[in-house]
Amino acid sequence: MTNNTLEAARKTAYRYLETTARSRNEIERRLERGGFPEEVVAQVIVEIEERGWLNDTEFARSWVEDRADRKQYGQRRLSAELQRKGIDSATISETLLVVTPEDELVRAIGAISKKFPTESLASLSGAVLQSEKRKIANYLLRRGFGWSIITQVYKHLMVNSEEY
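All figures in this text were calculated on a predicted structure; none of them were measured in a lab.

Undergrad: For the environment of Phe 145, give the residues involved together with the corresponding values.
TA: Looking at where Phe 145 falls in the secondary structure, it is placed in the loop between helix H8 (126-142) and helix H9 (147-159). You can call Phe 145 buried: its relative accessible area is 0%. Along the primary structure Phe 145 and Leu 124 are separated by 21 residues, whereas in three dimensions their C-alpha atoms are 24 Å apart. Those residues in contact with Phe 145 that sit more than four places away from it in its chain are Gln 72, Tyr 73, Gly 74, Arg 76, Glu 104, Arg 107, Ala 108, Leu 140 and Ile 150.

Undergrad: Can you explain the packing of aromatic side chains? Please cite residues and give values.
TA: Going through the model one piece at a time under the given rule, you end up with two aromatic pairs. Judged by centre distance (5.2 Å) and plane angle (80 degrees), the rings of Tyr 14 and Trp 53 are edge-to-face. Placement of Tyr 14 in helix H1 (residues 3-19) and of Trp 53 in the loop between helix H3 (38-50) and helix H4 (56-70) is noted, with a sequence separation of 39 residues between them. Note on Trp 53: relative accessible area 45%, which makes it partly exposed. Above the ring of Tyr 16, the side-chain terminus of Arg 22 is found at 3.8 Å from the ring centroid. Just above the ring of Tyr 73 sits the side chain of Arg 77; from NZ or CZ to the centre is 3.9 Å.

Definitions and cut-offs
- Residues numbered from 1 in each chain as written.
- Predicted model: local features only at pLDDT ≥ 70, side-chain atom pairs only at ≥ 80, totals over all residues.
- Heavy atoms only, no water.
- Helix = DSSP H or I, 4+ residues; strand = E, 2+ residues; numbered from the N terminus.
- Buried < 20%, exposed > 50% of the residue type's maximum accessible area, 1.4 Å probe, protein only.
- Contact = heavy atoms within 4.5 Å.
- Phe/Tyr/Trp six-rings, centres within 6.5 Å; stacked < 30°, edge-to-face > 60°.
- Lys NZ or Arg CZ within 6 Å of the ring centre and 35° of its normal.

Just distances and angles here, no functional claims.
Spelled out as structure tokens, the structure:
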């Protein structure tokens, strides 16, 4: 391992961290794609962690806060995204504990009200009602919400259709 290689790996990692927070796994993959040897990658990762610039727990917490609120994603989608980022299962589980079912319901209703702003489930019946429910369910499933939340959204939309 030469000093030039180590310095080049540091610069690559720093540039990658400049634009947005990253997980440990993302930095490792970026450095590996850059052709840096394993020992150089490991050393750079340790240095970055020691400086406090890389912390998977903080990254996961921040990711969940941002994506849950801004994108209105459910726990399942957030969990899948964190897994793709290389976050371990224990950290994901711990991070998602802050997302309560009440929060999920509020986000799901908010997502639906943006996607289907003029619809009213209470005024629908039969095949049309089933079709709209299917559209709502598919939309919420893609956003990472579970069936328990979807069922609560249906109930909310039937009772509070004037707000919908």
